[in-house]
Amino acid sequence: QVQLVESGGGLVQAGGSLRLSCAASGTIIRIVDMGWYRQAPGKQRELVARITSGGNTNYADSVKGRFIISRDNVKNAVYLQMTSLKPEDTAVYYCNVRPVLVFSGVGDYWGQGTQVTVSS
């Protein structure tokens, strides 16, 4: 029903920047909210940032002031602009989308993950 394509991960030095992108496609009427989660080695998956259809945002305390989440309602896409990156930000980042589908109501979908590695 819904496919998510993530991009933008890579290797960057501390203090650098990366921009993650996630585009959703399928029989989508609208999207309730979209967000980014991450999972570092030995850690549980955690919320990084979420954004609702109305533009309301939530950020993890560890990234607030450094990361900005945004969305494009026409493209059904969500972005994460990451600046002042730290080695502690190293993780696999996953896009999450909750769409309202044509026949199935609200769904819950995850992207394949993109690796972000921040070197010292």
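Above this text is the structure in question.
Rules behind the numbers
- Residue numbers here run from 1 along each chain, matching the order of that chain's written sequence.
- The predicted nature of this model means local features are confined to residues of pLDDT at least 70 and side-chain atom pairs, given and counted, to a pLDDT of 80 or more, with totals for whole chains, interfaces and linings taken over all residues.
- Calculation of side-chain values draws on the structure's entire complement of heavy atoms; hydrogens and water are dropped beforehand.
- For the purposes of this section, nonpolar cores are sets of buried Ala, Val, Leu, Ile, Met, Phe, Trp, Tyr and Cys residues that join through side-chain atoms within 4.5 Å.
- Throughout this description, buried means an accessible area under 20% of the type-specific maximum (1.4 Å probe, protein chains only), exposed means over 50%, and partly exposed covers the range between.
- Strands here are runs of E lasting at least two residues and helices are runs of H or I lasting at least four, both read from the DSSP assignment and numbered beginning at the N terminus.
- Whether two residues are in contact is decided by their heavy atoms, any of which lying within 4.5 Å being enough.
- If DSSP finds at least two bridges between two strands, the strands pair.
- In the sections that follow, a salt bridge refers to a side-chain nitrogen of Lys or Arg positioned within 4 Å of a carboxyl oxygen of Asp or Glu.

## Examining the nonpolar core
Taken as a class, soluble globular proteins show a tendency for nonpolar side chains to be buried jointly.
Phase 1 of the analysis: Core analysis: the biggest nonpolar cluster contains 29 residues, and Trp36, Val48, Phe67, Val78, Leu80, Met82 and Tyr93 have the highest contact counts within it.
Phase 2 of the analysis: When contributions to this core are tallied by element, the ones reaching two or more residues are β1 (2-7), β3 (18-26), β4 (28-39), β5 (46-52), β7 (67-72), β8 (77-82), β9 (91-101) and β12 (114-119).
Phase 3 of the analysis: When residues of this core are assigned to their parent elements, the largest contribution, 5 residues, is made by β9.
Phase 4 of the analysis: If near-sequence neighbours (up to four positions away) are discounted, valine 78 is found in contact with Leu20, Ser21, Cys22, Met34, Trp36, Ile51, Ile69, Ser70, Arg71 and Cys95.

## Description of the pairing of β3
The side chains of a regular strand alternate between both faces of the sheet.
Phase 1 of the analysis: Relative to β3, β1 runs antiparallel, the two sharing 6 bridges. Looking across to β3, one finds that glutamate 6 is bridged to cysteine 22.

## Some details on the pattern of salt bridges
Phase 1 of the analysis: What the rule picks out here adds up to 5 salt bridges.
Phase 2 of the analysis: A salt bridge links arginine 50 to aspartate 33, with the nearest nitrogen and oxygen atoms 2.7 Å apart. With arginine 50 in strand β5 and aspartate 33 in strand β4, this pair connects stretches of sequence that are 17 residues apart.
Phase 3 of the analysis: A salt bridge links arginine 38 to aspartate 89, with the nearest nitrogen and oxygen atoms 3.0 Å apart.

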